[in-house]
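A look at the structure
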Amino acid sequence: MQKKSFLISPSPLKMKDVVVFELENNLYLSAQRDLNVQEIRGSKSGTKYVLIGVAIQQDSTRPAPEVELQAEDKPVDECVSSWCGRWTLVAGATLYTDFAVLSGIFYAGRTASNSFSLMLDNLKSSGKSIHYKKNQCTYGCGIDYYPGPMTPEKEVMRLLPLQRLDLKGDKFEYITYAMPEVEHNNRDLTDELIDLITTFLKNAALIYGEVLLPLSGGYDSRTLFAIALKSGIDFSAYTCMKENISYADRNYPQRCCALFDIKHRWVRRSRLTRSQRNRRAEEFDRHTSGLCIDRDREYYVYKQLPPASKSAVVLGGAIWELLHFFYRSKFGENIDCNLAAPEIFSKFGRVEAFQIPMLERYLEYARDTPWAGVPFYHRFYLEQRVSIWLSAIEQAWDLNPAERIQPCNSQRCIALMLRLAREYPHAHDVQKEIMRRLAPQLLTIPFNFPQWSPLQRKTRRAISLVKQFAMGWI
């Protein structure tokens, strides 16, 4: 089994590195030993809760997730709304997952897993043919992933945000719920967002012995840097050296750290032979089933990781792009979801033929389950860029000794960010405001800027493809 993977099925897996837990409805959870699994019994109903992965409380007024489940003072739906991390919860006959679905939940028939590879193996063992072909996507070209809720294997589906999995019956089915609306109260919403992330950081620092922040020259990691300073936790920063690194990434992280006497380190490529690189690339692809082709693959191949132990946590800088209006230029304010996929996604530059039916299936789902008050570009970002594209990268991180957690992936946090995006209609305004309140010195250092012209980006992409082909990766 892949590291930190699990399988829910009618039969337990009999492997030496697997721990088995009995669930309701004649189901079993088979978990790889490195995966954190807790069985919790509700004090009032006697319900058995199985909490998988890492869940960290983000609400300072509430206890840790396992304590909250045991007490049963609130419905499960309300409990999980403020949990960050990559976690999955089996509560009776319902499977809950972190709101951004960074756990990456796949399902088919009466089987569910956080590993696409395990799902394929399960299909093979039941005598079914597998049609999945790896390397159909090209890194940096158009939509360079497999759009959900479909997967490259037609019988396997995956969960999206605002979905839970019903484990009853002869076939698992998803259940949808509504995006909560953040009402105005007497509290400043920016302060509330800061407090949620501050509480997360303090709780994470209690769990992990070392906190690491990847720091670039952009807005996202610097915003998290400011909140980490405010939280008072001990942390250090690092920056990965890469080919054609921008001036901002090369110079600004160290300058930010120097302002506050925070330790900063460079992580450079290890000197490896071609066969060593190929072997690590194969290991990475086997673990991720070829679903992750982003730069993190290159970092793993070259052992470009911060020195850290199993007790360390790396703070992810994703999901802030909600406040950048990431896909607004692609879709505009009021895209008509009744249009055909090729027309809706025409501005992505390159959409492969195999992706069209996947996108059509997604559009059908989006029409059937509207998100009130949320523009389509925000929804597409959350359901595709985060729960599909990013979750594959998060699974790849399981190969590393340190844990990686996104501080902004709770339901409450994302709902707040969507509300703030309406009140601050320009990219980065919220992040600048956070830095102004917490560490205004950070605003004296410039931010990353577009370094490459469209022609330069195309040229660099072509060079990257040639290199990947020469390495035998595509």
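Rules of the game
The numbers attached to residues start from 1 for each chain and follow its sequence in the written order. Whole-chain, interface and lining totals are the exception, using all residues; otherwise, since this is a predicted model, local features are given only for residues with pLDDT of at least 70 and side-chain atom pairs are given and counted only at 80 or more. To obtain the side-chain values, all non-hydrogen atoms of the structure were used and water was disregarded. For this text, the term disulfide refers to a pair of cysteine sulfurs within 2.5 Å. The cut-offs for exposure are 20% and 50% of the maximum accessible area for each residue type, with area from a 1.4 Å probe on protein chains only; residues under the lower value are buried, those over the upper are exposed, and the others partly exposed. Numbering of helices and strands runs from the N terminus; a helix is a DSSP stretch of H or I covering at least four residues, while a strand is a stretch of E covering at least two. Whenever a carboxyl oxygen of Asp or Glu lies within 4 Å of a side-chain nitrogen of Lys or Arg, that contact is scored as a salt bridge. Contacts are assigned to residue pairs with any non-hydrogen atoms lying within 4.5 Å of each other. Nitrogen and oxygen atoms within 3.5 Å of one another constitute a polar contact, given that in protein one can donate a hydrogen and the other can accept it, and given that sequence-neighbouring residues count only through two side-chain atoms.

**Focus: the state of the cysteines**
Two cysteines form a disulfide when their sulfur atoms are joined by a covalent bond. On inspection of all chains with the given rule, the structure shows zero disulfides. Of all cysteine sulfurs in the structure, the one in Cys-257 sits closest to Cys-240, which takes part in no disulfide; the separation is 14 Å. Of the cysteine sulfurs around Cys-413, a residue in no disulfide, the closest is that of Cys-408, at 4.5 Å. Taking relative accessible area as the criterion, Cys-413 reaches 0% and is therefore assigned buried.

**Digging into unusual backbone geometry**
The amide bond that connects Gly-148 to the next residue, Pro-149, takes the cis arrangement and shows omega of 10°. With respect to the element layout, Pro-149 can be found in the loop between helix H3 (116-125) and strand S12 (157-158). Of note in the backbone geometry, Phe-325 takes a positive phi value of approximately 60° without being a glycine. Tracing the backbone shows Phe-325 in the loop between strand S18 (312-315) and helix H9 (328-331).

**Remarks on the pattern of salt bridges**
Oppositely charged side chains can form a pair if their charged atoms are brought close together. Here the structure, examined in full by the defined rule, presents 25 salt bridges. The salt bridge involving Lys-128 is made with Glu-155; its shortest N-O contact spans 3.1 Å. With Lys-128 in the loop between H3 and S12 and Glu-155 in the loop between H3 and S12, this residue pair connects regions lying 27 residues apart in the sequence. Judged by relative accessible area, which is 41%, Lys-128 ranks as partly exposed. Under the relative-accessibility criterion, Glu-155 is labelled partly exposed at 35%. Notably, a salt bridge pairs Asp-188 with Arg-437, separated by 2.8 Å at the nearest N-O pair. In this pair, Asp-188 is assigned in the loop between strand S14 (173-176) and helix H4 (189-207) and Arg-437 in helix H14 (residues 429-438), connecting sequence segments 249 residues apart.

**A word on the environment of Arg-86**
Structurally, Arg-86 can be placed in the loop between strand S7 (83-84) and strand S8 (87-91). Of the residues examined, Arg-86 reaches a relative accessible area of 13% and is grouped as buried. As for Arg-86 and Gln-406, which are separated by 320 residues in sequence, their C-alpha atoms are 8.2 Å apart. Those residues in contact with Arg-86, other than ones at most four positions away along the chain, are Ile-52, Gly-53, Val-54, Asp-98, Leu-102, Ser-103, Glu-394, Gln-395, Asp-398 and Arg-404. Among the polar contacts listed, one links the side chain of Arg-86 to the backbone oxygen of Leu-102, at a separation of 3.1 Å. Side-chain polar atoms of Arg-86 contact the side chain of Asp-398, separated by 2.9 Å.

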